[in-house]
Amino acid sequence: MNHCVEIRGIRIGEGAPRICVPIVERTKSEIRNTAETICTTKADIAEWRADWFDGTPDFALVRDVLTDLRATLDRIPLLFTCRTAKEGGETAIAPDAYASLNKAVAATGLVDLIDVELFTGDEIVRDIIAFAHAHNTRVIVSNHDFYQTPDKDELIRRLLRMQELGADIPKIAVMPRCRKDVLTLLEATREMSEEYADRPIITMSMSGTGLVSRLCGEVFGSALTFGAVGKTSAPGQIDASELHTILTAIHRNL
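This one's a predicted model, so the numbers in the text were calculated from it and none came from an experiment. (Residues numbered from 1 in each chain as written. Predicted model: local features only at pLDDT ≥ 70, side-chain atom pairs only at ≥ 80, totals over all residues. Heavy atoms only, no water.)

Caption draft 1: Region of interest: the environment of Ala223. When you line up the elements, Ala223 lands in the loop between helix 8 (217-220) and strand 10 (224-228). For the pair formed by Ala223 and Lys171, sequence separation is 52 residues and the distance between their alpha carbons is 9.8 Å. Residues in contact with Ala223, not counting those within four places in the same chain, are Ile12, Gly13, Pro17, Arg18, Pro200 and Ile201. (Helix = DSSP H or I, 4+ residues; strand = E, 2+ residues; numbered from the N terminus. Contact = heavy atoms within 4.5 Å.)

Caption draft 2: How the structure looks around unusual backbone geometry. Here the bond from Thr56 into Pro57 is cis, since omega is 10°, no more than 30 degrees from zero. Mapped onto the fold, Pro57 is located in the loop between strand 4 (45-49) and helix 2 (59-73). A positive phi is found at Arg8, a non-glycine position, where the angle reads about 50°. A positive phi angle, close to 55°, is found at Asp74, a residue other than glycine. Classification of Asp74 as exposed rests on a relative accessible area of 53%. (Buried < 20%, exposed > 50% of the residue type's maximum accessible area, 1.4 Å probe, protein only.)

Caption draft 3: Here's a closer look at the nonpolar core. Of all hydrophobic cores here, the largest spans 59 residues; its most connected members are Ile38, Trp48, Leu66, Leu69, Phe80 and Ile114. Listed in part, the 19 residues of the second largest apolar core include Ile45, Ile169, Ile202 and Phe226. (Core = buried A, V, L, I, M, F, W, Y, C linked by side-chain atoms within 4.5 Å.)

Caption draft 4: View of the pairing of strand 6 (residues 113-117). Burial within strand 6 is extensive, with five of its five residues counted as buried. When strand 5 (residues 78-81) meets strand 6, the two strands line up parallel, connected through two bridges. Within strand 6, the position partnered with Phe80 by the bridge is Ile114. As for the winding sense of the linkage, the β-α-β connection from strand 5 through helix 3 (residues 95-107) to strand 6 is right-handed. Here strand 6 pairs with strand 7 (residues 138-145) via five bridges, running parallel. In the sheet register, Glu117 faces strand 7, and the bridge partner there is Ser142. (Pairing = 2+ DSSP bridges. Right-handed = clockwise from strand over helix to strand, strands pointing away.)

Caption draft 5: Quick peek at helix 6 (residues 179-196). Given a rise of 1.5 Å per residue, 18 residues ought to cover 26 Å, and the 25 Å separating the end C-alpha atoms of helix 6 matches this to within 8%. Along helix 6, the positions that sit buried rather than exposed are Asp181, Val182, Thr184, Leu185, Leu186, Ala188, Thr189, Glu191, Met192 and Ser193. Those residues of helix 6 that are buried lie in contact with helix 5 (152-165), strand 8 (169-174), strand 9 (202-205), helix 7 (207-215) and helix 8. (Expected span 1.5 Å × (residues − 1).)

Caption draft 6: How the structure looks around the sheet that holds strand 5. An order of 9-8-7-6-5-4-3-10-11 is seen for the nine strands of this open sheet, with the pairing classed as parallel. Each edge of the open sheet carries a strand with a single partner, namely strand 9 and strand 11 (238-239). Looking at chain direction, strand 10 and strand 11 are connected through two bridges and run parallel. Residue pairing for strand 11: Gly227 is matched across the bridge by Ile238. This element, helix 1 (residues 28-38), spans strand 3 (18-23) and strand 4 of the sheet and lies at about 160° to strand 3. (Axes fitted to C-alpha atoms, helices over the stretch in contact; angles between N-to-C directions.)

Encoded structure:
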């Protein structure tokens, strides 16, 4: 069994997949309103998608929102993500600025995890991870393909690379072009989880076709899934409360 990652009492990698709810808003007040709503749900983790925020990458504005989020979310773990345009995000940001922003956020003590994109470059990724770990912040290393599903061996290769670089949790999300692509993602998840992973992993197939992959993580080996409160951050996300009901039903019958 993969080692768990525990954050604020939430054990990722044990039992049913944990539910992460993204905050995809433009203004501080909208961000706070969504965070308040998340507090009324079954969410395990909140993700602030800072690439949606009008103030990014101005660190003073980002820090102000983070301070507000930490107070609002109380004990709910907070994941900071600035998704770049090349991986489906809302912001075009140079690698050096991306690294500086993530390191500055990790140093605040206001977030529990940061998301770092695998293809930022090995040296930059290693540097961000080392800095984050020195400031007691965990790191999800991620890759998103909104156009296709690579073959099984390539999916596993990317997940292994994330693990080798020091990710606390490797994550990959891909777009299916057909139903067989969803099976490819699930088989890669099973093989990685059972044969290679020494930590939790997160995988998903996007869109309605891939929705099943967001529900069956406990069976195939994905430790966290994303549900929505209002706006979605990726195709195929469903309401967090519906997601919790389904995950609980699957867990009870395994």
